[in-house]
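Survey of secondary and tertiary structure
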Amino acid sequence: MAHTVTHKTVCQVCHNCCPIEVDVVDGRAVKILGNKANRHYDGFTCVKGRGQLDYHYSPDRLLHSLKRGPDGGYAPIWSEQAMDEIAVKLTRIIERHGPRAVSAYFGTQAFQTASASMPVAKGFMAGIGSPMVFESVTIDQPGKAVAPALHGTWLGGKYGPNEADVLLLIGANPLVSMLGLPLGNHGKWLGDKLESGGRLIVIDPRRTETARRAHLFLQPLPGHDVAILAAMTRIILAEDLIDSRFVTDNVTGIDELRSAVAPFEPSLVAAAAEVDVADLETAARMYAAAGRGYIDAGTGPNMAQSGTLLEYLILNLGALCGDRRRAGETVADPVSLYPPLPAVAQALPPYPAGGLGEAMRVRGLGHCPAGMPVSGLAEEILTPGEGQVRVLFSVGGNPIAAWPDQIRTAEAMSALELLVQIDPFMSATAHYADYVIAPPMALETPHVTHVLDFLQAAGIGPGAPYAQYGPAVVDPPEGSDLCSEWQFFYGLGQRMGVQIAAPHPLGLVEPVPLDMAHPPTEEELLDIVCQGSRLPLDVVRRHPDGVEGALAAEPATVVLPGDPSTPTCLDVGNPQMMADLAAVADNLGAGEHIGGTAAGDDMLLISRREMHATNSSYNAMAARGGRRHNPAFINPVDATRLGVGADDVVRIASPRASVLAVVSLDESVRPGVVSMSHAYGNPSPDVDTPLQDGSSTARLADVTVDFDRYSGQPRMSAIPVTVTPASL
Ligand SMILES: Nc1nc2c(c(=O)[nH]1)N[C@H]1C(S)=C(S)[C@@H](COP(=O)(O)OP(=O)(O)OC[C@H]3O[C@@H](n4cnc5c(=O)[nH]c(N)nc54)[C@H](O)[C@@H]3O)O[C@H]1N2
Ligand SMILES: Nc1nc2c(c(=O)[nH]1)N[C@H]1C(S)=C(S)[C@@H](COP(=O)(O)OP(=O)(O)OC[C@H]3O[C@@H](n4cnc5c(=O)[nH]c(N)nc54)[C@H](O)[C@@H]3O)O[C@H]1N2
Ligand code: SF4
Ligand SMILES: [Mo]
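Residues numbered from 1 in each chain as written. Chains lettered and ligands numbered in written order. Predicted model: local features only at pLDDT ≥ 70, side-chain atom pairs only at ≥ 80, totals over all residues. Heavy atoms only, no water.

A word on the overall build of the protein
When its secondary structure is counted, the protein shows 26 helices and 30 strands. For the protein, whose C-alpha radius of gyration is 25 Å, the value lies close to the compact-globule estimate of 27 Å for 728 residues. Along the longest, intermediate and shortest principal axes, the C-alpha atoms of the protein span 70 × 60 × 60 Å. Considering the protein as a whole, with its 728 residues, one finds that 60% of them fall into the buried category. Taking all contacts inside the protein whose residues are at least 6 apart in sequence as the whole, residues at least 24 apart take part in 74%. For the protein, the exposed area adds up to about 25900 Å²; of that, 54% sits on carbon and sulfur atoms. Between the mean site of the 52 positive side-chain charges and the mean site of the 80 negative ones, the protein shows a separation of 2 Å. (Helix = DSSP H or I, 4+ residues; strand = E, 2+ residues; numbered from the N terminus. Rg over C-alpha atoms; globule rule 2.2 N^0.38 Å. Buried < 20%, exposed > 50% of the residue type's maximum accessible area, 1.4 Å probe, protein only. Contact = heavy atoms within 4.5 Å. Areas by Shrake-Rupley, 256 points an atom, 1.4 Å probe, with all protein chains shown as cover. Lys, Arg positive; Asp, Glu negative; His and termini not counted. Charge placed at Lys NZ, Arg CZ, Asp CG, Glu CD.)

Structure representation (structure tokens):
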């Protein structure tokens, strides 16, 4: 009789890294539940994690790699054969055009299942000499990496949510996205926090799941967050609510900031953003009055305006209120699987925010602190001349579905001489690929939770010391020929005589040269990722329920005193940021705001996430025969005005393009706003199948409009659109 074996491992479907228990019968995984022995998560899982078996065993899953034939159709190819052919093509292209012609893009799932593969893939790119390495970070919240360059970094760290008395969430919805509050069991954490006196302020055009728990909720028109933050800064300065001691010792540029926020008169900002001025003032006072504050802005506001300016103002507010750790305090959120980051109660002064490496040939963009600007890559591919990009390796990402400006992306994918998509499914981008490489999936791959550390280093991780190792729990399907991401790049390296040195994910340790004659094991790759880690990986491997609490806390990091002989300051008055702020003030004064009830039929399209899918993958609702599409959520007031009802089809047109979408009525969405999740739609920008595949919001964005000067990120939320009734 078949018997069930229960394996403990880590869910790799999203960055939340929930500990799970997988029941396996005769080598087949049959059920997934949360691991209750882990106190940090307390048994939490979500519908995607529990439902991933539908994907793992999907009849659509690729069990062999595919090659596109001359007729455009795809036929299976052995992965060894695919690597042979690709190595030959690549060598020829590099000989003719140089290594810059070869690019790689790492998307969301590259940070998940393929996280141990990234060092090999990046080592390969470095080995061939190409700087054209891109990550989804620059179409996410790149301002989080760029703003510290302009403001400086407090080396003692910011107070995290566990240490804070007041939490200010701007366009982040952690109860659904699992980002913005300590990664783990968000609902339970927030309940405990509020019960113990914590205060929550939420600013979002949608009354989100998180907003419903807030003490103070502001529901502005989208795209006004910079003005709102500037007004809050003005109030805090005018009412002298700052931490004068901290500011005097550690902050410069305050006079410049004071002048720059002067035009952001609260009543003017409140009128433009359509919020109550009293609420705006209360938000500023509530934040400043608390002992310790924590601010996080999510994807919405980061995509609606310059994410750099937004995040810069957030850093400024935190510094003005002294929300920075002092000497002698313990770092509550140390990294665990990376080497310990030193903590000193001192400012690291500003450093260059641009010109850091390779320059792009488009729009003056180049390597920024968040990496190479993804939103310029399609233009790089389409722009003739020396250095033109002709090859793309797309790993764990889905450019056609997710990159802003779908029409341009589709042109670029079609123009490539060689597109290799590593993907377990025939994703939208796979339809453009010359080769689709079929990799193993999450449950077949061992994993460590270092993505938590990656986020922890940015101040948005688990908020506490934590690590888990998760073994593979099933073998690849019988008869399959899978090639993991690292095997693919290692295999190319072998064939092309390229020596690969695997870099550390944060660059904290020297790259490790791989033995190019004997492939590493997956466990050895995990050891490379975790080399020198604060918690040794071997210790973590011995704790199948995860390492947490007191066990994870040692060795603790205590903030050391700064060096008084070399005083350094955080800069709250960076000239470029002040100039950018002045431009926002000019528009505010001119009353030039788009969208909303005031401007007739114009509406603003904003982004959102839904619990049952991760971007374009793991859609648990679709897998169970439910809704496959991403509705256009609008307020019933707008529906009436537009003369449409639930499930009606509408055309949503931006200045760039239009899409067909299916209406869903939603009281939680502010009137004047269309709220839709991204990364849906069929592979073609010319044909819409809104019910079967959903609608591409990426098509409505234009990479050349309102793009951030450092990261290149264009306006991807708060996009002006008109909505009109349509039919299929
Ligand atoms: N279930 C699920 N979880 C996910 C994902 C997923 O697809 N599904 N994706 C993952 C990824 S890749 C990421 S980066 C994170 C993102 O995590 P979050 O940033 O928390 O993502 P969202 O849930 O989309 O929250 C963004 C919020 O911004 C609001 N918003 C939009 N425009 C504006 C604006 O102009 N101003 C303000 N103030 N608010 C605005 C939206 O209404 C929305 O509530 O989530 C991750 N987690
Ligand atoms: N309009 C708009 N656009 C957005 C956003 C928005 O909010 N609004 N959000 C942006 C953000 S925050 C992000 S992060 C990007 C996301 O952009 P991407 O990361 O490029 O997009 P995903 O849809 O997450 O792509 C994941 C791909 O990985 C594949 N996959 C699944 N499992 C595995 C695996 O085990 N191995 C491998 N190799 N592949 C796997 C999936 O089939 C899918 O093709 O989109 C951005 N685009
Ligand atoms: S997909 Fe769900 S279960 Fe898996 S890590 Fe994310 S939140 Fe946890
Ligand atoms: Mo993201």
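Side note on the site of ligand 2
In the vicinity of ligand 2, 28 residues are found, and the nearest of them are Y105, T108, N398, D423 and S616. At 3.2 Å, a backbone N or O of I422 approaches a nitrogen atom of ligand 2. At 3.1 Å from a nitrogen atom of ligand 2 is found a side-chain nitrogen or oxygen belonging to R609. For ligand 2, whose free accessible area comes to 920 Å², the fraction covered by protein is 97%. Put simply, the parts of the chain that give the shell around ligand 2 at least two residues each are α4 (108-111) and α14 (299-304). Residues of the shell around ligand 2, tallied by class, amount to nine nonpolar, 15 polar and four charged. (Near = heavy atom within 4 Å. Polar contact = N/O pair within 3.5 Å; in protein donor to acceptor, adjacent residues only side chain to side chain. Nonpolar A, V, L, I, M, F, W, Y, C, P; charged D, E, K, R; others polar.)

Considerations on the site of ligand 1
Around ligand 1 there are 34 residues in total, and S177, D204, D225, T299 and A613 lie nearest to it. Within the backbone of E610, an N or O atom sits 2.9 Å from a nitrogen atom of ligand 1. Between ligand 1 and S717 there is a distance of 2.9 Å, counted from a nitrogen atom to a side-chain nitrogen or oxygen. For ligand 1, whose unbound accessible area comes to 920 Å², protein coverage reaches 97%. Of all the secondary structure elements, the ones that give two or more residues to the shell around ligand 1 are α7 (174-177), α14 and β25 (602-608).

Topic: helix α19 (residues 450-457)
Within α19, six of the eight residues are buried, which leaves the element mostly enclosed by the surrounding structure. Listed in full, the buried residues belonging to α19 are H450, V451, L452, D453, L455 and Q456. Residues of α19 that are buried make contact with α4, β19 (447-448) and α21 (522-529).

Some thoughts on the sheet that holds strand β16 (residues 391-395)
If you walk across this open sheet you meet the seven strands as β5-β4-β18-β17-β16-β6-β7, and the pairing is mixed. Each having just a single partner strand, β5 (74-77) and β7 (133-135) make up the two edges of the open sheet. Going from strand to strand, the sheet's axes swing by 20° on average, the running direction of each strand aside. When strand β6 (residues 102-106) meets β7, the two strands line up parallel, connected through three bridges. When the bridges of β7 are listed, Y105 appears paired with F134. The sheet strands contacting helix α3 (residues 79-97) are β4 (65-68), β5, β6, β16, β17 (418-422) and β18 (435-437), and the helix crosses β18 at an angle near 130°. The sheet strands contacting helix α5 (residues 118-128) are β6, β7 and β16, and the helix crosses β6 at an angle near 165°. (Pairing = 2+ DSSP bridges. Axes fitted to C-alpha atoms, helices over the stretch in contact; angles between N-to-C directions.)

Section: the environment of L150
As for its position among the elements, L150 is in helix α6 (residues 143-151). Sequence-distant contacts of L150, defined by excluding residues within four places in its chain, comprise T308, Y312, P350, Y351, A353, D571, N574, M577 and Y710.

Some remarks on the pairing of strand β9 (residues 166-170)
Across the five residues that make up β9, a large majority, five, are buried. Burial of the side chains of β9 extends over both faces: V166, L168 and I170 are buried on one face and L167 and L169 on the other. Taken together, the five bridges between β9 and strand β10 (residues 199-203) define a ladder with parallel strand orientation. Bridging from a neighbouring strand, V166 pairs with R199 of β10.

Brief notes about the nonpolar core
Ranked by size, the top nonpolar core spans 97 residues in total, and within it I86, F124, F393 and F488 carry the most contacts. For this core, the leading source of residues is α3, giving seven residues. Setting aside its immediate chain neighbours within four residues, F488 contacts M83, I86, F393, V420, I422, I437 and C483. Counting 72 residues, the second-largest nonpolar core is a separate cluster that includes V146, A147, I203 and L320. (Core = buried A, V, L, I, M, F, W, Y, C linked by side-chain atoms within 4.5 Å.)

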